Amino acid sequence: MYRRRDDPRGRMIAEIANDLRRYSVDAQHIGHAFAGLHGLNATDLHALIAVMEAELVGDPITPGRLGEALNISSGSVTALVDRLERAGHIRRDRDTTDRRKILLHYADRGATLAQSFFGPLGRRTDEVMDRFSDEELAVVGRFMSELVNSMRTHRDQIRAAPRRGGAPGPAGDD
């Protein structure tokens, strides 16, 4: 990824890697701007993204799954969910089929704030995608899906690796 590439394919791969890095950094800046405007820290932002992603696929996240996704303790999840709920970003609902299970959803206020802030970016993204054919988007979609899976595998390996002193990898530090 960070080695010099002299052949045409190598230069193309290097440029794609550079664009992905720039995209990632810019996305982080945008996310941090949203967080700063609404008094959120990095873990809060990651939690909101996890709640949103779960809702988008129709499988609302539980506090336990949120803790796993963020690699934080159950006590930290409780404090996090309490904080986000008090701020109006998320709400807790009981599962209709298993009343013991709590599901996390975007609250109306949180969804409105996110839509107001990220809506213009969504429209820009749609404009970019409109310039590509369905076949091109299918290739990009496959590429991104495989890249995300590769990144998550690497993330999980890092989390599982012992740290100095024998403790497991990083755990959702703010």
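Residues numbered from 1 in each chain as written. Predicted model: local features only at pLDDT ≥ 70, side-chain atom pairs only at ≥ 80, totals over all residues. Heavy atoms only, no water.

## Overview of the pattern of salt bridges
Worth spelling out the cut-off: When a carboxyl oxygen of Asp or Glu lies within 4 Å of a side-chain nitrogen of Lys or Arg, that pair is called a salt bridge. The rule is simple: take the accessible area with a 1.4 Å probe, protein chains only, and divide by the maximum for that residue type; under 20% is buried, over 50% is exposed, in between is partly exposed.
This model, assessed by the stated rule, comprises 11 salt bridges. Across the pair Asp-93 and Arg-91 runs a salt bridge whose closest N-O atoms are separated by 2.9 Å. With a relative accessible area of 35%, Arg-91 lands in the partly exposed category. Ionic pairing is found between Arg-155 and Asp-156, a salt bridge with its closest N-O pair at 3.0 Å. Residue classification places Arg-155 among the partly exposed positions, given a relative accessible area of 32%. What emerges from the salt-bridge pattern is a single network uniting Glu-15, Asp-19 and Arg-22.

## Notes on the pairing of strand 2 (residues 102-106)
Working note: regular strand, side chains alternate between the two faces of the sheet. Stated formally: Only DSSP runs of H or I with at least four residues qualify as helices, and only runs of E with at least two residues qualify as strands; both kinds are numbered from the N terminus onward. When DSSP locates at least two bridges between a pair of strands, those strands are taken to pair.
Counting buried residues along strand 2, four of its five residues qualify, which places the element largely inside the surrounding structure. Direction of pairing for strand 1 (residues 90-94) relative to strand 2: antiparallel, over a ladder of five bridges. Directly across from Arg-92, in strand 2, lies its bridge partner Leu-104.

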